[in-house]
Amino acid sequence: MLKIFGAVGSGSVPIEAMLTLLGVPYEVIEAVTWEDEAARERVETANPLGQVPTLVLPSGEVITESAAILIYLADLHPQARLAPGLNDPNRAQYLRWMTYVSAAIYAFAWIKDDPMRITASDKLAPEIIDRIHDRIADCWHMMDDQITPGRYILGDELSVLDLYVTVISRFAPWRSRFYKSAPKMAEIVRQVDTDPRLNEFWAKRFPFDEGWER
Ligand SMILES: N[C@@H](CCC(=O)N[C@@H](CS)C(=O)NCC(=O)O)C(=O)O
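Treat the numbers as computed from the prediction; the structure is a model and nothing was measured.

## Points about the overall build of the chain
Okay, so step 1: When you go through the chain residue by residue, the secondary structure sums to ten helices and four strands.
Okay, so step 2: In sequence order, the chain lays out its α and β elements as β-α-β-α-β-β-α-α-α-α-α-α-α-α.
Okay, so step 3: Referenced to the eigenvectors of the C-alpha coordinate spread, the extents of the chain come out at roughly 50 × 40 × 35 Å.
Okay, so step 4: Intrachain contacts of the chain at a sequence separation of at least 6 include 64% that bridge at least 24 residues.
Okay, so step 5: Taken as a whole, the chain presents about 10700 Å² of accessible surface, with 53% of it coming from carbon and sulfur.
Okay, so step 6: Across the chain, the mean location of the 22 positive side-chain charges is 3 Å away from that of the 31 negative side-chain charges.

Structure representation (structure tokens):
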């Protein structure tokens with residue numbers, strides 16, 4: 001069985017959502033890496049970065065990096081049509097935006113979770129976080145400006161890119177700001193939030209608690 005080091009409300013959630021849609025069984029090893037040192041050490045046995053998501057295949061092979069995991073699993077299950085195939089005209093933009101979300105946006109988590117990783121002055125921490133939030137909002141805006149969505153980001157079919165954006169847009173600077181920065185994608189993520197196939201899943205793995213949009 002697939003094993004995922006993951007956590008509620010973390011970057012493992014789009015992968016878990018995808019496996020839920022696919023109906024592929026998986027086991028989550030819960031690890032709140034950004035709060036719990038013991039959990040981090042558990043993850044480090046598979047991924048020296050101590051980050052979730054970390055996927056362990058039945059063979060024991062480890063795959064890290066959320067975008068790589070989503071792309072790999074979508075390619076492994078082409079019949080589910082959760083990603084444009086190699087010869088699909090949307091393939092290039094799909095790869096572009098999957099990498100963009102990971103590199104231009106999600107990668108800031110390492111600093112946001114603990115700004116003291118890049119400064120010795122705790123006085124600077126709030127300003128660093130504010131500037132990162134501004135940059136993330138700008139990046140969402142630039143992406144939104146350059147896409148021509150259908151019902152979903154790449155057209156009329158749900159893809160793992162939609163699951164990825166739906167989850168990552170819930171991280172700071174949170175959804176309310178995302179809706180303003182990215183009005184086209186705002187409609188799409190709301191659709192994914194309310195996809196009946198994922199109702200139970202969201203309630204368990206990234207609940208819409210009071211005030212969640214901020
Ligand atoms: N580049 C990684 C980023 C993963 C990441 O930042 N995960 C966070 C949780 S959402 C984490 O484990 N943080 C702990 C740390 O970086 O020390 C990916 O795309 O999978």
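## As for the sheet that holds strand 3 (residues 54-56)
Okay, so step 1: If you trace the four strands from one edge of the open sheet to the other, you get 2-1-3-4, paired in mixed fashion. At either end of the open sheet lies a strand with only one pairing partner, and these are strand 2 (26-30) and strand 4 (62-64). Within the sheet, the average angular offset between the axes of one strand and its neighbour, ignoring direction, is 20°.
Okay, so step 2: Two elements, strand 3 and strand 4, share three bridges in a ladder whose sense is antiparallel. Counterpart to Val56 in the pairing with strand 4 is Val62.
Okay, so step 3: Strands in contact with helix 1 (residues 13-22) are strand 1 (2-6) and strand 2; relative to strand 1, the strand with the most contacts, it is inclined by about 150°.

## A look at the side chain of Ser102
Okay, so step 1: Mapped onto the elements, Ser102 comes out in helix 4 (residues 91-105).
Okay, so step 2: The buried category is assigned to Ser102, whose relative accessible area is 18%.
Okay, so step 3: Apart from residues no more than four positions distant in its own chain, Ser102 is found in contact with Ala67, Ala107 and Tyr164.

Each value, and the rule that gives it
Residues numbered from 1 in each chain as written. Predicted model: local features only at pLDDT ≥ 70, side-chain atom pairs only at ≥ 80, totals over all residues. Heavy atoms only, no water. Helix = DSSP H or I, 4+ residues; strand = E, 2+ residues; numbered from the N terminus. Contact = heavy atoms within 4.5 Å. Areas by Shrake-Rupley, 256 points an atom, 1.4 Å probe, with all protein chains shown as cover. Lys, Arg positive; Asp, Glu negative; His and termini not counted. Charge placed at Lys NZ, Arg CZ, Asp CG, Glu CD. Pairing = 2+ DSSP bridges. Axes fitted to C-alpha atoms, helices over the stretch in contact; angles between N-to-C directions. Buried < 20%, exposed > 50% of the residue type's maximum accessible area, 1.4 Å probe, protein only.

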